[in-house]
Amino acid sequence: ALDPADGQVWAISARVAGAILDRNYDTTPQQRELFRSLVERAARLAPNSVETALARASLMRRNREWAGAEQVLRAADPSQSDFRVQSNLANLLLT
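I will try to describe carefully the structure that is included in this document. (Residues numbered from 1 in each chain as written. Predicted model: local features only at pLDDT ≥ 70, side-chain atom pairs only at ≥ 80, totals over all residues. Heavy atoms only, no water.)

## Points about the nonpolar core
Taken as a class, soluble globular proteins show a tendency for nonpolar side chains to be buried jointly. Judged by nonpolar contacts, Trp 10, Ala 11, Ala 14, Ala 17, Leu 21, Phe 35, Leu 38, Val 39, Ala 42, Ala 55 and Leu 59 together constitute the single largest core of 11 residues. Among the secondary structure elements, those contributing two or more residues to this core are helix 1 (7-22), helix 2 (29-45) and helix 3 (50-62). Residue contributions to this core peak at five residues, all from helix 1. Look past the residues within four positions of Leu 59 in its chain and what remains in contact with it is Phe 35, Arg 36 and Val 39. In this structure, Val 72, Val 85, Leu 89 and Leu 92 belong to the second largest nonpolar core, which totals 10 residues. (Core = buried A, V, L, I, M, F, W, Y, C linked by side-chain atoms within 4.5 Å. Buried < 20%, exposed > 50% of the residue type's maximum accessible area, 1.4 Å probe, protein only. Helix = DSSP H or I, 4+ residues; strand = E, 2+ residues; numbered from the N terminus. Contact = heavy atoms within 4.5 Å.)

## What to know about the environment of Ala 46
With respect to the helices, strands and loops of the structure, Ala 46 is situated in the loop between helix 2 and helix 3. The buried category is assigned to Ala 46, whose relative accessible area is 14%. Sequence spacing of Ala 46 and Ala 5 is 41 residues, and the spatial spacing of their C-alpha atoms is 9.1 Å. Excluding residues within four positions of it along the chain, Ala 46 makes contact with Gly 7, Gln 8 and Thr 52.

## A word on helix 4 (residues 66-76)
Of the residues making up helix 4, those classed as buried are Gly 68, Ala 69, Val 72 and Leu 73. Around the axis of helix 4, the buried residues are gathered within 130° of arc, so they sit on the same side. In helix 4, those exposed residues whose orientation departs by more than 90 degrees from the buried face are Ala 67, Gln 71 and Ala 75. (Arc of directions from axis to C-beta.)

Shown next as structure tokens:
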């Protein structure tokens with residue numbers, strides 16, 4: 001069971017839910033809603049977490065909010081040292 005107060009865990013769960021959508025394993029409205037709700041919960045519990053930023057950017061990308069996703073990713077890694085953030089940013093900019 002997820003720790004109801006651990007934003008990091010919720011953010012990682014959100015990223016998994018997003019990956020399920022991205023890979024077309026489950027593209028139902030219920031899966032999209034699950035992804036959105038997990039991202040929102042992670043953002044409430046761990047707003048400054050890199051994991052939360054990755055989840056938020058993924059949701060924004062999925063919703064075609066390109067500029068917002070870029071802003072979230074750039075803010076999450078100002079030193080440009082987190083490979084995950086930089087990789088997601090590169091993928092976003094090449095979209």
